[in-house]
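A look at the structure
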Amino acid sequence: MDGVLVREEHLIPGADTLIAELREQGTPFMVLTNNSIYTPRDLRARLLNTGLDIPEESIWTSALATAQFLQTQRPGGSAYVVGESGLTTALHNVGYVMTERDPDYVVLGETRTYSFEAITRAIRLVRGGARFIATNPDETGPSAEGPLPATGAVAALIEKATGRRPYFVGKPNPLMMRSALRRIGAHSENTLMVGDRMDTDVLSGLEAGLQTVLVLSGISDRDTADHFPYRPTRVIGSVEELVGHTQDPFQTAEG
């Protein structure tokens, strides 16, 4: 979502036309985000403010993927959560109980106000035997003032204090990509991943068996992309270059 369709609450040119084209052609699509702060309803409202009309059922977050994963691992379990409503709502919806006493899991997600007290409690619970899960490995997040510490950075702090590595559910874990594919009844062989980060989007797409397009409208630039040992199927400036080519996205690619 961020860096591909919107950037700092502003529509990236061509994003609305691309979504309209997909809808007109009946092409299933899913908008993904590693941000676990917001519910799909919140994100739909945010996108509407930029001019993008995306239904809730077409939005897949790391919070939803985490809740689905935990439901399959330990149905009806319990968790101590460090995060916002996007994560707690997703866990409640799969029947999880939020507790500070002997939880099955400590689940770390995104929040703009990480509490030292909450992090300390998470450390003690993990040291006491709770399994450590994190929604995504992103170390920083964007803001108008500059980068903010994100889930990956706080997870590293807890890992250092406990000696326990978390299991990250969100991108680049292909688990998130495969769960999104199941949501729209798609197969990796005829699905395309469009993202703005080499280390999360493109990597998760590759590992899930998808063809990938890197857009240069977000985090990674062309020079950054060249430093990775893997390549996307195609590199473009923005999604505007896909308009009119959603059925043949590689026909106009150079080479």
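Whatever comes next refers back to the structure up there.
Presented here is an overview of the structure given in this document. What you see is a predicted model; the values in this text were computed from it and never measured. (Residues numbered from 1 in each chain as written. Predicted model: local features only at pLDDT ≥ 70, side-chain atom pairs only at ≥ 80, totals over all residues. Heavy atoms only, no water.)

Quick look at the sheet that holds strand S11 (residues 167–168) now. What the 5 strands build is an open sheet, ordered S6-S5-S7-S8-S11; its pairing is parallel. Whereas interior strands pair on both sides, the edge strands pair on one side only; in this sheet they are strand S6 (97–98) and S11. By the bridge criterion, 2 bridges tie strand S5 (residues 78–82) to S6 in an arrangement that is parallel. Looking across to S6, one finds that Ala 79 is bridged to Met 98. Relative to the sheet, helix H3 (residues 62–73) contacts strand S7 (105–108), strand S8 (131–134) and S11, its axis offset from that of S7 by approximately 165°. (Pairing = 2+ DSSP bridges. Helix = DSSP H or I, 4+ residues; strand = E, 2+ residues; numbered from the N terminus. Contact = heavy atoms within 4.5 Å. Axes fitted to C-alpha atoms, helices over the stretch in contact; angles between N-to-C directions.)

Another aspect to go through is helix H8 (residues 198–207). Listing the buried residues of H8 in full gives Met 198, Thr 200, Asp 201, Val 202, Ser 204 and Gly 205. Looking at the packing, one finds that the buried side of H8 touches helix H7 (174–183), strand S12 (192–195), strand S13 (211–215) and helix H9 (222–226). The first or second residue beyond H8 is Gly 209, which carries a positive phi of 85°. (Buried < 20%, exposed > 50% of the residue type's maximum accessible area, 1.4 Å probe, protein only.)

Across all of its chains, the model carries 11 salt bridges by this definition. Note that Arg 46 is salt-bridged to Asp 2, the shortest N-O span being 2.5 Å. Taken as a pair, Arg 46 in helix H2 (residues 40–50) and Asp 2 in the segment before strand S1 (6–7) lie far apart in primary sequence, 44 residues in all. Given the relative accessible area of 15%, Arg 46 is considered buried. Here Arg 46 makes a salt bridge to Glu 9, at a shortest N to O gap of 3.2 Å. Here Glu 9 lies in the loop between S1 and strand S2 (10–11) and Arg 46 lies in helix H2, a separation of 37 residues in the sequence. (Salt bridge = Lys/Arg side-chain N within 4 Å of Asp/Glu carboxyl O.)

These figures come from the coordinates and say nothing about function on their own.
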